[in-house]
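In case you want the letters, here they are:
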Amino acid sequence: MMGWLRRRREKRLEIEAEARELLVKYGADAFGIARERMVAATFAGDDDGNARWCRIRQAIRRELGIRDDHIDTATRYLESR
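Residues numbered from 1 in each chain as written. Predicted model: local features only at pLDDT ≥ 70, side-chain atom pairs only at ≥ 80, totals over all residues. Heavy atoms only, no water.

J.: Could you give an account of the environment of Ala 40, with specific residues and numbers?
T.: For Ala 40, the location among the structural elements is in helix 2 (residues 30-43). Placed 10 residues apart in sequence, Ala 40 and Asn 50 show a C-alpha to C-alpha distance of 8.0 Å. (Helix = DSSP H or I, 4+ residues; strand = E, 2+ residues; numbered from the N terminus.)

Laid out in C-alpha coordinates, this is it:
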(Lines give C-alpha, C1' and ligand atoms only; values in the text may rest on other atoms or scores of the structure.)
Protein backbone atom coordinates (compact mmCIF):
# COMPACT_ATOMS: atom_id res chain seq x y z
CA MET A 1 0.00 0.00 0.00
CA MET A 2 2.82 2.40 0.76
CA GLY A 3 4.17 1.95 -2.75
CA TRP A 4 0.83 2.98 -4.19
CA LEU A 5 0.75 6.11 -2.05
CA ARG A 6 4.32 6.98 -3.01
CA ARG A 7 3.57 6.59 -6.74
CA ARG A 8 0.42 8.68 -6.39
CA ARG A 9 2.35 11.44 -4.62
CA GLU A 10 5.12 11.36 -7.24
CA LYS A 11 2.53 11.60 -10.03
CA ARG A 12 0.88 14.58 -8.28
CA LEU A 13 4.24 16.31 -7.92
CA GLU A 14 4.99 15.70 -11.63
CA ILE A 15 1.65 17.22 -12.60
CA GLU A 16 2.21 20.26 -10.39
CA ALA A 17 5.75 20.72 -11.74
CA GLU A 18 4.53 20.61 -15.34
CA ALA A 19 1.76 23.08 -14.50
CA ARG A 20 4.33 25.45 -12.97
CA GLU A 21 6.55 25.11 -16.06
CA LEU A 22 3.65 26.07 -18.31
CA LEU A 23 2.77 29.01 -16.07
CA VAL A 24 6.35 30.27 -16.09
CA LYS A 25 6.65 29.86 -19.85
CA TYR A 26 3.21 31.10 -20.96
CA GLY A 27 1.72 32.95 -17.99
CA ALA A 28 -2.09 33.05 -17.91
CA ASP A 29 -2.17 31.55 -21.43
CA ALA A 30 -1.04 28.25 -19.89
CA PHE A 31 -4.65 27.51 -18.95
CA GLY A 32 -5.77 27.69 -22.58
CA ILE A 33 -2.76 25.73 -23.80
CA ALA A 34 -3.46 22.93 -21.34
CA ARG A 35 -7.11 22.92 -22.44
CA GLU A 36 -6.11 22.68 -26.11
CA ARG A 37 -3.81 19.74 -25.37
CA MET A 38 -6.55 18.08 -23.32
CA VAL A 39 -9.01 18.41 -26.21
CA ALA A 40 -6.42 17.19 -28.73
CA ALA A 41 -5.78 14.10 -26.61
CA THR A 42 -9.53 13.47 -26.43
CA PHE A 43 -9.95 13.65 -30.20
CA ALA A 44 -6.92 11.41 -30.67
CA GLY A 45 -8.56 8.81 -28.44
CA ASP A 46 -5.78 9.05 -25.86
CA ASP A 47 -7.67 8.65 -22.59
CA ASP A 48 -4.49 8.64 -20.48
CA GLY A 49 -3.27 11.82 -22.17
CA ASN A 50 -6.65 13.44 -21.66
CA ALA A 51 -6.63 12.59 -17.96
CA ARG A 52 -3.06 13.88 -17.58
CA TRP A 53 -3.80 17.19 -19.28
CA CYS A 54 -7.02 17.52 -17.32
CA ARG A 55 -5.03 17.25 -14.08
CA ILE A 56 -2.43 19.74 -15.33
CA ARG A 57 -5.21 22.13 -16.32
CA GLN A 58 -6.83 21.81 -12.91
CA ALA A 59 -3.50 22.57 -11.22
CA ILE A 60 -3.12 25.68 -13.40
CA ARG A 61 -6.70 26.69 -12.61
CA ARG A 62 -5.96 26.46 -8.88
CA GLU A 63 -2.76 28.51 -9.28
CA LEU A 64 -4.57 31.21 -11.24
CA GLY A 65 -7.52 31.25 -8.85
CA ILE A 66 -10.14 30.41 -11.49
CA ARG A 67 -13.30 29.09 -9.87
CA ASP A 68 -14.99 25.91 -11.12
CA ASP A 69 -18.18 27.68 -12.07
CA HIS A 70 -16.31 29.79 -14.63
CA ILE A 71 -15.56 26.74 -16.76
CA ASP A 72 -17.86 26.15 -19.71
CA THR A 73 -20.08 23.09 -20.06
CA ALA A 74 -18.15 21.60 -22.99
CA THR A 75 -14.93 21.63 -20.98
CA ARG A 76 -16.66 20.01 -18.00
CA TYR A 77 -17.92 17.29 -20.34
CA LEU A 78 -14.43 16.62 -21.72
CA GLU A 79 -12.98 16.50 -18.21
CA SER A 80 -15.55 13.92 -17.11
CA ARG A 81 -14.57 11.47 -19.86
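J.: Describe in detail the nonpolar core, supporting the description with residues and values.
T.: Residues Leu 22, Trp 53, Ile 56 and Ile 60 are the most contacted members of the largest nonpolar core, which totals 15 residues. Those elements that provide at least two residues to this core are helix 1 (2-26), helix 2 and helix 3 (47-64). Each residue touching Leu 22, except ones within four places of it in the same chain, is listed here: Gly 27, Ala 30, Arg 37, Trp 53, Ile 56 and Ile 60. (Core = buried A, V, L, I, M, F, W, Y, C linked by side-chain atoms within 4.5 Å. Buried < 20%, exposed > 50% of the residue type's maximum accessible area, 1.4 Å probe, protein only. Contact = heavy atoms within 4.5 Å.)

J.: Which residues make up the packing of aromatic side chains, and what are the values?
T.: Applying the stated criterion across every chain, the model contains 0 aromatic pairs. Residue placement shows Arg 52 over the ring face of Trp 53; its charged tip is 5.0 Å from the ring centre. (Phe/Tyr/Trp six-rings, centres within 6.5 Å; stacked < 30°, edge-to-face > 60°. Lys NZ or Arg CZ within 6 Å of the ring centre and 35° of its normal.)

J.: Before we move on, can you summarise a nonpolar patch on the surface with the specific residues and values?
T.: A contiguous nonpolar surface patch, about 340 Å² in accessible area, is contributed by Met 2, Trp 4 and Leu 5. Checked against the element boundaries, Met 2 lands in helix 1. Residue Met 2 is classed as exposed on the basis of its relative accessible area of 61%. (Patch = residues over 30% accessible without salt bridge, like charges linked within 9 Å, V, L, I, M, F, W, Y side chains within 5 Å. Areas by Shrake-Rupley, 256 points an atom, 1.4 Å probe, with all protein chains shown as cover. Salt bridge = Lys/Arg side-chain N within 4 Å of Asp/Glu carboxyl O.)

J.: Break down the pattern of salt bridges for me, citing the residues and quoting the values.
T.: The full count for this structure, using the stated rule, is 2 salt bridges. As a salt-bridge pair, Arg 12 and Glu 16 come within 3.7 Å of each other at their nearest N and O atoms. Note that Arg 12 and Glu 16 are positioned in helix 1 at a spacing of 4 residues, about one turn of the helix. In this structure Arg 12 comes out as partly exposed when scored by relative accessible area, which is 42%.

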